[in-house]
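# Observations on chain architecture
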Amino acid sequence: MKRRVYWSAQVVLLVSPLLAFPARGDSLQIADSAFKVRPKIELQAQAFDLRDVRLLEGPFKHAQDLDERYLLSLDVDRLLHTFRLNAGLPSAVQPLGGWEEPKSEVRGHFVGHYLTACALMYAATGNDRLKEKGAAVVAGLAQCQAKFATGYLSAFPESFFDRVEARQQVWAPYYTLHKIYAGLMDMYLYCGNLQALEVCRKFGNWVVQRNARLTDTQMQAMLGNEHGGMNECLAELYALTGEEKYLKTSLRFNHQAVVGPASRQVDNLTGLHANTQIPKFVGTARQYELTADPLLKTASLFFWTTVVKERSYVIGGHSDGEHFSPKEKLSTAFGPSTTETCNTYNMLKLTRHLFCWDPQPAYADYYERALCNHILASQDPGTGMMCYYVPLRPGSHKEYNAPLDSFWCCTGTGVENHAKYADSIYFHSGTGTLYVSLFIASELNWRAQGVHLRQETSFPVNGATKLTVACDKAGKFELCLRRPSWAVAGYEVRINGRLLRTLPSAGSWVALNRTWKNGDTVEVRMPFVLRTEGFADNPSRFAFLSGPLVLGAEVDPTRAFPAVVASRDEAVKTLISAAKPNTFIAPAAVFKTPGGRSRDLTLEPFFGIHNRRPYMVYFDSFTPGQWKEKEMLYAAEMARERELVARTVDFVTPDGEQSERDHAMKGDNTAHGDFGDRKWRHATEGGWFSWQLKVLADTPQELAVTYWGSDGGNRFFDVFIDGRRIATERLQNNRPNKFYEEIYPLTPDLVKNKARIELKFQAKEGAWAGGVFGARVLRKTG
């Protein structure tokens with residue numbers, strides 16, 4: 001693909017002829033006539049309808065274009081295949097793969113995301129083909145729903161919900177339904193599809209009736225199973241229809257084991273599956289708007305503050321192995337699957353609600369950080385495919401979905417992410433104030449004021465933006481520009497070329513209250529400043545940033561990773577600007593590699609590191625004395641590795657290729673991947689995997705299995721040899737931030753008269769087995 005170069009460094013406000021159709025918008029645009037119920041609280045800022053904003057050329061528009069192409073490439077009949085099978089309707093198309101295959105327990109979830117993405121992308125671009133594809137899916141779902149007298153609609157049988165209510169193992173059926181509900185409502189809101197609302201109402205009636213027979217105790221027990229944002233979508237259906245039954249059921253879907261402590265400002269998140277929790281608080285935020293219950297507000301605000309301020313990594317994402325790690329040890333939580341992209345998608349939804357309640361620059365600062373460094377970074381700029389995780393451990397690289405054979409949760413949220421970059425650039429307060437929250441090249445049509453605003457900028461390549469006002473007649477309003485918290489030096493604002501002499505400090509709004517006329521311009525200069533950010537629990541582990549951008553360095557995963565032999569402040573001073581924007585040379589004299597093989601590094605914007613390039617984001621710093629000790633430990637580790645190799649009888653690497661074929665790998669609900677220079681395999685949701693390894697007759701031996709000491713979450717499993725359990729393991733940050741070998745004795749009765757043994761890892765019910773980073777049969781010493 002041709003490399004795109006973005007030269008413009010200006011932001012302009014204009015009117016576009018594409019925007020001359022009736023506005024509708026989302027629930028945060030309270031003037032939307034689609035809603036029968038208005039908020040009971042006063043929103044201090046309101047969103048603009050997505051159709052009133054158009055992206056201009058730049059990296060965000062490029063990401064949107066790729067996403068649009070992917071949405072248009074998907075076949076409607078293949079998307080509907082499992083719904084039709086479940087409804088007893090004929091379907092002979094080839095099934096989709098991955099999480100949408102016919103045996104998957106979350107089949108159908110992506111179809112809900114697809115509806116939302118088509119609706120958002122239609123609103124963002126005006127492309128009728130997206131509206132038509134979404135309408136075709138809605139019509140197909142209506143045909144399937146007609147086969148169920150109750151209004152039920154899903155790609156799997158209703159018996160899945162019997163299992164949920166009985167507390168039996170099943171993979172998140174309400175989570176899947178939430179996506180379908182949301183997709184139907186978005187097709188109504190953004191595309192005016194009345195059939196979508198009718199299908200959603202019937203479906204809503206089913207969930208109301210299904211749960212009316214449960215006691216509150218039974219309901220709360222059921223909510224232990226991941227259920228997405230059922231409280232949010234039912235609250236939204238109430239707002240659209242005015243029917244109280246949906247709000248009542250929405251409130252019953254509040255999981256009090258999690259929402260209750262947050263409403264009391266108690267953090268009990270450690271160990272919980274992260275993305276299971278976030279939609280619950282997007283739901284409480286929407287419920288607060290519709291009920292004005294202060295406890296719902298407190299819960300939403302406390303959760304946001306806790307996650308953003310205490311549990312997030314530098315790119316704005318959070319979670320390790322999909323779970324909340326102990327925040328007191330966050331610097332050690334570096335498994336192969338940090339920062340699930342779904343998490344950040346949902347945190348940005350929550351952030352929009354809080355911003356509309358109280359438009360604090362801090363909310364926009366977080367939104368910008370996560371959008372630039374996680375969401376934009378999660379899409380391959382060549383293919384448009386998306387990441388499940390964006391790992392941050394040194395030596396990691398990004399992995400992307402396959403177009404027809406993945407359909408992970410983060411594929412679903414991903415197609416939405418890149419369709420709605422325009423939804424949080426601008427906000428307004430009635431007709432009096434216009435907030436410019438984000439610096440993304442775009443056009444705004446502010447209908448209420450008869451104003452068009454064009455923002456021209458190459459952000460996030462650099463920090464200059466220009467706003468141009470177009471209007472038929474002069475009008476007075478307040479234009480509030482966010483001065484980001486990172487814009488600490490050299491910040492300037494010029495109105496029609498005239499420099500403002502007095503400006504507020506970083507992390508504030510620059511309020512320009514005047515009568516604006518056609519052709520007025522506002523130019524903003526926000527120089528990017530180099531800085532570092534470390535962990536609260538370990539300031540010596542830190543990342544480099546240039547303005548809002550997190551920087552990363554490409555590294556060789558087959559070698560030891562470099563560290564900084566200097567203080568954080570000293571390290572920043574040694575960086576040398578390179579030819580490309582926000583790119584710096586990190587000298588080998590300071591960025592050292594154990595073993596004396598140091599070389600210069602290139603620090604560059606993390607969002608631009610792709611194509612399986614292994615990278616580092618976080619660095620450890622050492623004093624010269626500490627570095628000598630580090631090198632001694634490294635030499636000892638290399639000696640230990642040589643000793644293990646010398647004793648090895650057989651060794652399997654979980655590579656998904658030759659090594660596992662040679663060792664007769666088998667399994668169910670199992671996956672493998674890369675983690676720096678290592679390979680791993682795990683099994684999820686009660687799954688298992690096994691290998692066959694060689695053993696020696698009449699020779700004392702032992703088994704060494706390699707684990708990552710920072711793995712955590714629900715990793716609870718048994719280890720078997722030839723069907724005999726030899727150990728039970730629970731990985732709970734056992735040896736933080738390092739690999740280790742767990743040694744299991746191979747007693748004579750386990751290997752007698754055998755040339756091979758079967759080593760099996762079996763997850764406990766509902767839990768995960770591994771990750772396992774390799775296994776060795778070793779000759780015993782001594």
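Note that the coordinates shown come from a computational prediction; the quantities given were computed from them, not determined experimentally.

## Examining the environment of Phe-477
With respect to the element layout, Phe-477 can be found in strand E9 (residues 475-483). In this structure Phe-477 comes out as buried when scored by relative accessible area, which is 4%. Apart from the residues within four sequence positions on either side, Phe-477 is in contact with Thr-431, Gly-432, Leu-434, Trp-446, Gln-449, Val-451, Leu-512, Asn-513, Arg-514 and Trp-516.

## Concerning helix H16 (residues 409-417)
Of all nine residues in H16, nine are buried; the element is thus mostly enclosed. Of all the positions in H16, only Cys-409, Cys-410, Thr-411, Gly-412, Thr-413, Gly-414, Val-415, Glu-416 and Asn-417 are classed as buried. Buried residues along H16 sit in contact with helix H1 (59-73), helix H3 (109-125), helix H6 (173-191), helix H14 (341-357) and helix H15 (361-375).

## Points about the sheet that holds E9
Taking strand neighbours across the sheet as the criterion, the five strands line up as E2-E4-E5-E9-E12 in an open arrangement whose pairing is mixed. The two strands at the open ends of the sheet, each matched to only one other strand, are strand E2 (46-47) and strand E12 (508-516). As paired elements, E9 and E12 share nine bridges and run antiparallel to each other. For Glu-478, the partnering residue across the bridge sits in E12 and is Asn-513. Of the strands in this sheet, E9 and E12 touch H15, which is tilted by about 60° from E9.

## With respect to the packing of helix H9 (residues 230-241) against helix H10 (residues 244-252)
Remark: H9 packs on H10, axes separated minimally by 8 Å, with the N-to-C direction vectors making an angle of 165°. As judged from the angle between their axes, H9 and H10 are roughly antiparallel. The crossing of H9 and H10 is left-handed. Where H9 abuts H10, its residues Asn-231, Leu-234, Ala-235, Leu-237, Tyr-238 and Thr-241 lie against Glu-244, Tyr-246, Leu-247, Thr-249 and Ser-250. A breakdown of the residues in the contact of H9 with H10 according to their chemical character gives six nonpolar, four polar and one charged.

## Considering the environment of Lys-327
Structurally, Lys-327 is set in the loop between helix H13 (294-310) and H14. Residue Lys-327 is classed as partly exposed on the basis of its relative accessible area, which comes to 24%. A sequence separation of 210 residues divides Lys-327 from Asp-537, and the C-alpha atoms of the two residues are 8.2 Å apart. Leaving out residues up to four positions away in the same chain, Lys-327 has contacts with Asp-267, Thr-270, Thr-306, Glu-310, Arg-311 and Asp-537.

## Some details on the sheet that holds strand E24 (residues 648-652)
As summarised here, the arrangement of the four strands in space is E24-E33-E27-E30, forming an open sheet in which the pairing is antiparallel. Two strands bound the open sheet, and with one partner strand each, they are E24 and strand E30 (739-746). Adjacent strand axes in the sheet meet at a mean angle of 20° when their direction is disregarded. Judged from the eight bridges that link them, strand E27 (residues 701-708) and E30 form a sheet pairing that is antiparallel. Bridging across to E30, Thr-706 finds its partner in Glu-741. Against the sheet, helix H18 (residues 624-647) engages E24, E27, E30 and strand E33 (775-779), with an angle of about 75° to E33.

## A closer look at the pattern of salt bridges
Applying the stated rule across the entire model yields 47 salt bridges. Note that Arg-213 and Glu-165 form a salt bridge whose closest N and O atoms lie 3.1 Å from each other. Remark: Glu-165 occurs in helix H5 (residues 159-165) and Arg-213 occurs in the loop between helix H7 (194-212) and helix H8 (216-222); sequence separation between them is 48 residues. Judged by relative accessible area, Glu-165 falls into the partly exposed class, the value being 22%. When the shortest N-O distance is used, the salt bridge between Arg-252 and Asp-216 registers 3.1 Å. With Arg-252 in helix H10 and Asp-216 in helix H8, this pair connects stretches of sequence that are 36 residues apart. Using a relative accessible area of 54% as the deciding quantity, one classes Asp-216 as exposed. One network of salt bridges, with partners in common, ties together Glu-158, Asp-162, Glu-165, Arg-210 and Arg-213.

## A word on the packing of H3 against H6
One way to put it is that H3 packs onto H6 with a least axis distance of 7 Å and a crossing angle of 20°. By the angle between their axes, H3 is roughly parallel relative to H6. Here the hand of the crossing between H3 and H6 comes out left-handed. Along its contact with H3, which presents His-109, Gly-112, His-113, Leu-115, Thr-116, Ala-119, Leu-120, Tyr-122 and Ala-123, the element H6 presents Tyr-175, Thr-176, Lys-179, Ile-180, Ala-182, Gly-183, Leu-184, Asp-186, Met-187, Tyr-190 and Cys-191. The residue inventory of the contact of H3 with H6, partitioned by class, reads twelve nonpolar, six polar and two charged.

The rules we used
Residues numbered from 1 in each chain as written. Predicted model: local features only at pLDDT ≥ 70, side-chain atom pairs only at ≥ 80, totals over all residues. Heavy atoms only, no water. Helix = DSSP H or I, 4+ residues; strand = E, 2+ residues; numbered from the N terminus. Buried < 20%, exposed > 50% of the residue type's maximum accessible area, 1.4 Å probe, protein only. Contact = heavy atoms within 4.5 Å. Pairing = 2+ DSSP bridges. Axes fitted to C-alpha atoms, helices over the stretch in contact; angles between N-to-C directions. Parallel < 35°, antiparallel > 145°, perpendicular 65-115°, else oblique. Left-handed = near helix turned anticlockwise from the far one by under 90°. Nonpolar A, V, L, I, M, F, W, Y, C, P; charged D, E, K, R; others polar. Salt bridge = Lys/Arg side-chain N within 4 Å of Asp/Glu carboxyl O.

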